[in-house]
Amino acid sequence: MIPLRDTIPTRTVPLVNGALIVACVGVFLLQLLAGNGGEELVRTFGFVPARLFHPGNLGTGSLPMGALGLFSSMFLHGGFLHLAGNLLFLWIFGDNVEDALGHGRYLLFYLGCGAAAALLQGLFATASLVPMVGASGAIAGVLGAYFVLYPHARVVTLVPLFFLFPLVEVPAFLFLLLWFLLQFWQG
């Protein structure tokens, strides 16, 4: 099943949601152009818990980079499928949440959810030097808000059945559940 769009119409143009998608794609292209999978970008701008929780052990400048990493890591991704999966769900569900919250509050909500998720994950491994990347925490917040705002919404879905590809409407909560299970499974 491939989600295509939800059935809730938006009243405003989702400027922030579109800008977040463009920013994630742009940063991913920078990662590709940087070579070596963008390892240097990931090491520099990914969220490294030890930089925030144990900056004295890493030398000067670690604390500011640790705090910056809470936000910059949301725009880095571990590969094309990671990026595509995150952005597909953001594209389908984020516009309605932005419509409900307004542009400014949506941006603050998105960034706050992403930073809170990175911080929470970092609390489980405060000494970790492994950079965390991805918008999954921010998107989890957006999906949670969508479920609260539109609990009975439906999603138009492409269902591949051999050589047929019918469009079917399914409850949005199934895709929200699928996304959370995929995040849990991927680790």
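Given the structure is predicted, the values throughout are model-derived calculations rather than measurements.

J.: Teacher, can you tell me more about the layout of surface pockets here?
T.: Over the atoms rolls a probe the size of a water molecule, and in doing so it shows where empty space is left. Taken as a whole, the largest pocket encloses approximately 630 Å³ of empty space. At the level of elements, α6 (103-123), α7 (136-149) and α8 (172-186) are the ones that each hand at least two residues to the lining of the largest pocket. The residue inventory of the lining of the largest pocket, partitioned by class, reads twelve nonpolar, ten polar and no charged.

J.: How should I be thinking about the packing of aromatic side chains in this particular structure?
T.: Here a ring pair, both rings aromatic, is described through the centre-centre distance and the interplanar angle of the planes. By the definition in use, this model includes six aromatic pairs. With a centroid separation of 6.4 Å and 55° between ring planes, the pair formed by Phe89 and Trp179 is classed as tilted. Here the residue Phe89 occupies a position in helix α5 (residues 80-101), and Trp179 occupies one in helix α8, the gap between them amounting to 90 residues. With a relative accessible area of 3%, Trp179 lands in the buried category. A centroid spacing of 4.7 Å and a plane angle of 70° characterise the contact between Phe93 and Tyr146, whose relative ring orientation is edge-to-face. With a gap of 53 residues between them, Phe93 in helix α5 and Tyr146 in helix α7 connect regions that are remote in the sequence. Residue classification places Tyr146 among the buried positions, given a relative accessible area of 0%.

J.: Where do I start with the sheet that holds strand β3 (residues 167-171) in this structure?
T.: The strands making up a sheet associate through backbone hydrogen bonding, with each pair oriented either parallel or antiparallel. Spatial strand order, β1-β2-β3: three strands in an open sheet with antiparallel pairing. Taken across any chain shown, the strands that pair with only one partner, and hence form the sheet edges, are β1 (2-6) and β3. On average, adjacent strands in this sheet sit at an angle of 40° to one another, irrespective of strand direction. As judged from the five bridges shared by strand β2 (residues 154-158) and β3, these two strands associate in the antiparallel manner. The residue of β3 that forms the bridge with Thr157 is Val168. Along the sheet, α5 makes contact with β1 and β2, crossing β1 at roughly 15°.

J.: Would you explain the nonpolar core in this entry?
T.: Nonpolar side chains in soluble globular proteins tend to end up buried together. Within the largest apolar cluster, 37 residues are counted, with the highest numbers of intra-cluster contacts made by Leu90, Phe93, Tyr106, Tyr110, Ile139 and Tyr146. Broken down by secondary-structure element, the contributors of at least two residues to this core are α1 (15-34), α5, α6, α7 and α8. Counting residues per element, this core draws most heavily on α5, at seven residues. Tyr146 has contacts with Asp6, Ile8, Phe93, Asn96, Val97, Pro151, Ala153, Ala172 and Leu176, leaving out every residue within four places of it along the chain.

J.: Would you explain unusual backbone geometry in this entry?
T.: Both trends apply: most residues other than glycine have a negative phi, and most peptide bonds are in trans. You will see that Phe162, though not glycine, has its phi angle at about 55°, which is positive. Here Phe162 shows up in the loop between β2 and β3. With a relative accessible area of 82%, Phe162 lands in the exposed category.

Definitions and limits used
Residues numbered from 1 in each chain as written. Predicted model: local features only at pLDDT ≥ 70, side-chain atom pairs only at ≥ 80, totals over all residues. Heavy atoms only, no water. 1 Å grid on protein atoms, 1.4 Å probe; cavity = no way out; pocket = protein on both sides within 12 Å on 5 of 7 lines; lining within 4 Å. Points joined across faces, edges and corners; volume = space filled by probe spheres on them. Helix = DSSP H or I, 4+ residues; strand = E, 2+ residues; numbered from the N terminus. Nonpolar A, V, L, I, M, F, W, Y, C, P; charged D, E, K, R; others polar. Phe/Tyr/Trp six-rings, centres within 6.5 Å; stacked < 30°, edge-to-face > 60°. Buried < 20%, exposed > 50% of the residue type's maximum accessible area, 1.4 Å probe, protein only. Pairing = 2+ DSSP bridges. Axes fitted to C-alpha atoms, helices over the stretch in contact; angles between N-to-C directions. Contact = heavy atoms within 4.5 Å. Core = buried A, V, L, I, M, F, W, Y, C linked by side-chain atoms within 4.5 Å.

Bear in mind that shape data such as this cannot, by itself, settle questions of function.
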